[in-house]
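A look at the structure
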Amino acid sequence: MPRTIPLQPVGAAPRARAVMPAGPATLTSLPPLSVYVHVPWCVRKCPYCDFNSHAAAEMPERAYLDALRADLEQSLPSIWGRQVVSVFLGGGTPSLLSAAGLDELLAMLRACLNLLPDAEITMEANPGTAEAQRFRDYAGSGVTRFSLGIQSFDDAQLGRLGRIHDAAQARAGIEMAQRAVSRVNLDLMFALPGQTLEACLADVRQALSFGTEHLSMYHLTLEPNTVFAKYPPEGLPDDDVGAAMQDAVEAELAAAGLQRYEVSAYARQGARCRHNLNYWEFGDYLGLGPGAHGKLSFHDRIVREARARQPESWMERAGRRDGSHIAEQRVVGADELPFEFMLNALRLKDGVAAGLFAERTGLSLAAIAHQLEAATAKGLLDADPTRLRATALGWRFLNDLQEMFLSGE
Ligand SMILES: C[S@@+](CC[C@H](N)C(=O)[O-])C[C@H]1O[C@@H](n2cnc3c(N)ncnc32)[C@H](O)[C@@H]1O
Ligand code: SF4
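Predicted model only: the values in this text are computed from it and were never measured.

1. Structural notes on the overall build of the chain
A tally of helices and strands in the chain yields 15 helices and 16 strands. Rg of the C-alpha trace for the chain: 22 Å, near the compact-globule value of 22 Å for 409 residues, within the 12% margin. Considered along the principal axes of its C-alpha atoms, the chain spans approximately 60 × 55 × 40 Å. Considering only residue pairs separated by 6 or more positions, the chain has 75% of its internal contacts joining residues 24 or more positions apart.

2. Some details on the site of ligand 1
In the vicinity of ligand 1, 16 residues are found, and the nearest of them are Glu124, Asn126, Gly149, Asp187 and Tyr218. Elements with a minimum of two residues in the shell around ligand 1: strand 4 (83-91), strand 6 (145-151) and strand 7 (183-190). When grouped by side-chain class, the residues that make up the shell around ligand 1 number six nonpolar, seven polar and three charged.

3. Points about the domain arrangement of the chain
Each assigned domain of the chain is listed here: domain 1 (33-278) and domain 2 (335-408). Placing the centre of domain 1 and that of domain 2 at their C-alpha centroids yields a distance of 29 Å. Opposite the four residues of domain 1 that make contact, domain 2 presents four residues. A class-by-class count of the residues in the side of domain 1 that touches domain 2 yields two nonpolar, no polar and two charged.

4. Considerations on the UniProt feature "domain: Radical SAM core" (unreviewed entry) in the chain
Within this numbering scheme, the UniProt entry marks residues 27-272 as carrying the feature "domain: Radical SAM core" (unreviewed entry). Structurally, residues 27-272 is divided into 39% helix and 24% strand, and its ends, taken at the C-alpha atoms, are 27 Å apart.

5. Section: the nonpolar core
Counting 78 residues, the largest nonpolar core has Val35, Val87, Ala177, Leu188 and Phe190 as its most contacted members. Leaving out residues up to four positions away in the same chain, Ala177 has contacts with Ala125, Phe135, Phe146, Leu148 and Val184. Among the nonpolar cores identified, the runner-up in size contains 25 residues, and Phe282, Val352, Leu380 and Leu401 belong to it.

6. Points about the confidence of the model for the chain
Summing up the model confidence of the chain, the mean pLDDT is 93 and the portion of residues at 70 or higher is 93%. Considering only residues more than four positions removed or in separate chains, one finds that residues 1-19, a stretch of pLDDT under 50, has 27 contacts.

7. Observations concerning the environment of Met176
Inspection of the secondary structure assignment puts Met176 in helix 5 (residues 167-180). Ignoring any residue separated from it by four or fewer positions in sequence, one finds Met176 in contact with Ala130, Ala132 and Phe135.

Quick notes on the rules
- Residues numbered from 1 in each chain as written.
- Chains lettered and ligands numbered in written order.
- Predicted model: local features only at pLDDT ≥ 70, side-chain atom pairs only at ≥ 80, totals over all residues.
- Helix = DSSP H or I, 4+ residues; strand = E, 2+ residues; numbered from the N terminus.
- Rg over C-alpha atoms; globule rule 2.2 N^0.38 Å.
- Contact = placed C-beta atoms within 7 Å.
- Near = placed C-beta within 6 Å.
- Nonpolar A, V, L, I, M, F, W, Y, C, P; charged D, E, K, R; others polar.
- Domains from an automatic or database assignment.
- UniProt positions renumbered as here; feature names shortened; annotations may be inferred.
- Core = buried A, V, L, I, M, F, W, Y, C linked by C-beta atoms within 7 Å.
- Buried ≥ 20, exposed ≤ 12 C-beta atoms within 10 Å, placed from the backbone.
- pLDDT = per-residue confidence, 0-100.

Here's what the structure looks like:
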C-alpha cells in the first residue's frame, strides 16, 4: 500500500474550475462487461481478513446455488444482449464448492449470459481445500485460471496468520492447480509479524520456483473489525522496512521477468489478469452473491449496486424475487465520476489512454482540465497528453494524486 504524506501546494493560484454537469453521464458506447460471483464461506476466519467471509463447517451449497440462480435471473434485464468477457469466483473460499456444484454454477452462467468462448474464468482457491481430482474437475467445467491464497511458505507465519494449511500443502496446492490449468496466480502477503527482508524475499523466490506467471503481493494491513485490529500481532515491520520490502520484491520479480503492472499485481508478458484489468480500466461488472458490488453502464447513466451482505439474508431475499436482495442501487453523479475513474485507472503503472476517460465516464477531459494541470505541475501526473498515468512520484503518493480528482478539490 503506498504511503501517504501531505503534498505541498506548488504556489500557482488555481485556475477557474470547469463546470461539471450535475446530472448523469451520456455514453456513446458501453464498456466490456465482467461478472463477479461471491462465495462467502471459509473453513475458518483468518484473523487479518475483513472480506465478507464466514466460518462454516459446511457451505449450504444447494441453497446457495438456488439463490444465485434467482439473483442472476433478476439481473438479466440490466445486461440484456451484452457479451461477458470474464468471470471471477471470489470469496470467501469458492474452492469449498463441490465439483458438481461448480459445474452447475458455470452451466447456469453460460445458459443465461452471452459468455465469450475465450472468456477468462478465474476461481479463488485455498490450498487447505485443494484436491487434485476436484481441481481437474473445476478445469473440466470451464475454469481457466486459479488464484491461490498462499500468503507465505513459512510454517510459523502461516500459523500466526491462522491459515488452515501449512507450507507443504501450499506447495502441493500450487502443483495441483498448475497441472489442471495453464494460468495460476499466487497471493502472498508481506510485512508479516517479525518478518525480515530476507524472509520476505525467500517467500517470493519460492513462489518463482514454480514458474509462476502472476503474483499478487499484499502488504499486511490491520483492517478495522478484525482480530488483528483488536490484538495486533507483535513485531510488525515499520513503514520504512515495509517500503524496503516492496522495493526489493519489485526488483526481484522484474529480474525474473514479472513486471509490476498494478499496485499489488505482477505478471509475465501476456499473463495479466483480464478480469481485474477491466475493473481498473473502469469497465462494467455485474456482482452476484452476498455483499457483491457491481457497476453497470447504460447510455444515459452509470449505476452502482451492492447485494445484501449477510449470506442468509441474501439467500432468503434473492428467493423472494422482488429485488430486495439488492441493498443499494444508485446512479453515480457526474461530479463523482472523475475520482471514481482515476481511483481505478491510476492504480495501473502504465495508466490508460487519455481517450478512455470520455469513453467510460461520458465526460469531456476538459471537465477536469484544472486538476490535470495541477497534478502535472506537482510532478504527480505524466505530462504526455495521450495518457493518464502517474509519474514515479505520483505512484509513490497515489492517494494524494487520486484525491485531487475528488469533486470540490
Ligand atoms: C479472498 S482472499 C483469497 C482466497 C482465499 N480466501 C484464501 O485466503 O486463500 C484474497 C487475498 O487478500 C489478501 N488479504 C486479505 N486480507 C488482507 C489484509 N488484511 N492485508 C493484506 N492482504 C490481505 C490475501 O492475500 C488473500 O489471499
Ligand atoms: S480464507 Fe481467505 S477469505 Fe477466508 S477468512 Fe481467510 S483470507 Fe479471508
